[in-house]
Amino acid sequence: RGFPLIGHTSGNWLELLTRSINGRRVFEFGSGFGFSAFYFARAVGDQGEVIGAEHDAHELDDFERLFRGSPLKQRIDIRLGCAFETFDATEGLFDAVLLDIDKEDYPRALEAAITRTRRGGLIMADNVLWGGKTAHEPAPDDASTKALREFNKLLFSDKRIQTGILPSGDGLSVSLVL
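Sequence order sets the numbering: in each chain, residues are counted from 1 along the sequence as written. Predicted model: local features are reported for residues with pLDDT of at least 70 only, side-chain atom pairs are reported and counted for 80 or more only, and whole-chain, interface and lining totals are derived from all residues. Hydrogens and water are ignored here; the side-chain numbers use all heavy atoms of the structure.

Peer 1: Looking at this model, I keep getting lost on the packing of aromatic side chains. Mind explaining?
Peer 2: Side-chain rings of Phe, Tyr and Trp (the six-membered ring for Trp) are treated as a pair once their centres are within 6.5 Å; stacked means planes under 30 degrees apart, edge-to-face means over 60, and tilted covers the remaining angles. Within this structure, the stated rule accounts for 10 aromatic pairs. When the centroid spacing of 5.6 Å and the interplanar angle of 65° are considered together, the rings of Phe 35 and Tyr 39 count as edge-to-face. You can see Phe 35 and its partner Tyr 39 sitting in helix H2 (residues 35-44), four residues apart, about one turn around the helix. Accessible area is worked out with a 1.4 Å probe on protein chains only. A residue is then buried under 20% of its type maximum, exposed over 50%, and partly exposed in between. In this structure Phe 35 comes out as partly exposed when scored by relative accessible area, which is 25%. One aromatic cluster is present, formed by Phe 27, Phe 29, Phe 84, Phe 87 and Phe 94 through successive ring pairs. Starting at the N terminus, helices and strands are each numbered in turn, a helix being any DSSP run of H or I of at least four residues and a strand any DSSP run of E of at least two.

What follows is the structure, given as structure tokens:
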């Protein structure tokens, strides 16, 4: 269908990193049909939860179809609607947060995530290399690349986090909340 997936290798990183911090509670800004949620659900264990948001109803229909009968489904709660509204309506801290929404919203999502991710937790973002475009000045009409360049600068300048970028998929940033 041409839906942009985080990819198998990056999904394995999500699972490994979440397991490494004993993550039990994850939030996804942008869940699609649950591809990344699958990896998080494996990481959080039987008592864990993955909460996400998706604004396209057909993606949730696909999630229901793909996860029907899977024991992982009980760990995943993808809600229809705006990721920011869903995040604000969900109480408590998270062990891990994934940013995979419209790229122009990454800087705003980072600020929201930092305030709600526990110390020692992780904030991860997909597409931070953006096919190599983030290494160069964007075209005047390329709002996504401009936003990602701003986001990447925030990742490395914010003293509340320590960040690295894995060259997996289209670039996966991993930020430890200090």
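Text resumes after the structure shown.
Peer 1: Hey, could you run me through unusual backbone geometry in this one?
Peer 2: A positive phi angle is found at Asn 22, which is not glycine, with a value near 55°. One can find Asn 22 in the loop between helix H1 (8-20) and strand S1 (25-29). Despite not being glycine, Asn 127 has its phi angle at roughly 75°, a positive value. Structurally, Asn 127 can be placed in the loop between strand S5 (117-126) and helix H6 (143-157). Here Asn 127 falls in the buried class, since its relative accessible area comes to 12%.

Peer 1: Please clarify how the pairing of strand S3 (residues 76-80) should be interpreted in this entry.
Peer 2: Two faces make up the sheet, and in a regular strand the side chains alternate between them. Alignment of strand S2 (residues 49-54) against S3, held across five bridges, turns out to be parallel. For Glu 54, the partnering residue across the bridge sits in S3 and is Leu 80. As a crossover connection, the stretch from S2 through helix H3 (residues 57-67) into S3 is right-handed. Criterion used throughout: strands pair if DSSP finds at least two bridges between them. Handedness rule for crossovers: strands pointing away from the viewer, path from the first strand over the helix to the second running clockwise, crossover right-handed.

Peer 1: Help me understand the sheet that holds S3 in this model?
Peer 2: Pairing between sheet strands relies on hydrogen bonds along the backbone, with the strands arranged either parallel or antiparallel. One open sheet accounts for seven strands, arranged S3-S2-S1-S4-S5-S7-S6; its pairing is mixed. Two strands in the sheet have a free side with no partner beyond their single neighbour: S3 and strand S6 (161-166). Strand after strand, the sheet turns through a mean of 15° between neighbouring axes, direction not considered. Bridge count for S5 against strand S7 (residues 172-177) is five bridges, and the pairing is antiparallel. Counted as the bridge partner of Ala 125 is Ser 173 from S7. H3 rests against S2 and S3 of the sheet, and its axis sits at about 155° to S3. Contacts: residue pairs with any heavy atoms within 4.5 Å of one another. Axes, fitted as lines to C-alpha atoms, cover a helix only where it is in contact. Angles between the N-to-C directions of the axes lie from 0 to 180 degrees. Its contacts with the sheet place helix H5 (residues 106-116) against S1, strand S4 (94-99), S5 and S6, and it is angled at close to 160° to S5.

Peer 1: Would you take a moment to explain H1 for this structure?
Peer 2: For the α-helix, the turn length of 3.6 residues means that residues three or four positions removed from each other point alike. What a helix is expected to span follows from its residue count: subtract one and scale by 1.5 Å. Between its first and last C-alpha, H1 extends 18 Å over 13 residues, near the 18 Å set by a 1.5 Å rise per residue. Every buried residue belonging to H1 is among Ser 10, Gly 11, Leu 14, Glu 15, Leu 17 and Thr 18, and all of these are buried. Where H1 is buried, its residues meet S1, H2, S4, S5, S6 and S7.

Peer 1: Help me understand the packing of H1 against H2 in this model?
Peer 2: Each pair of packed helices can be summarised by the angle the axes make with each other and by the distance between the axes. Their axes nearest at 8 Å, the elements H1 and H2 cross at an angle of 30°. Considering the angle they form, H1 stands roughly parallel to H2. In this structure, H1 crosses over H2, and the sense of that crossing is right-handed. Two secondary-structure elements touch here, H1 through His 8, Gly 11, Asn 12, Leu 14, Glu 15, Thr 18 and Arg 19 and H2 through Phe 35, Ser 36, Tyr 39, Phe 40, Arg 42, Ala 43 and Val 44. Gly is placed with the polar residues, together with every amino acid not listed as nonpolar (Ala, Val, Leu, Ile, Met, Phe, Trp, Tyr, Cys and Pro) or charged (Asp, Glu, Lys and Arg). Split into classes, the residues belonging to the contact of H1 with H2 amount to six nonpolar, five polar and three charged. In what follows, roughly perpendicular refers to angles from 65 to 115 degrees, roughly parallel to angles under 35, roughly antiparallel to angles over 145, and oblique to any angle outside these ranges. Whether a crossing is left-handed or right-handed is set by the direction in which the near helix is turned from the far one by less than a right angle, anticlockwise for left-handed and clockwise for right-handed.

The analysis is restricted to geometry; functional conclusions fall outside its scope.
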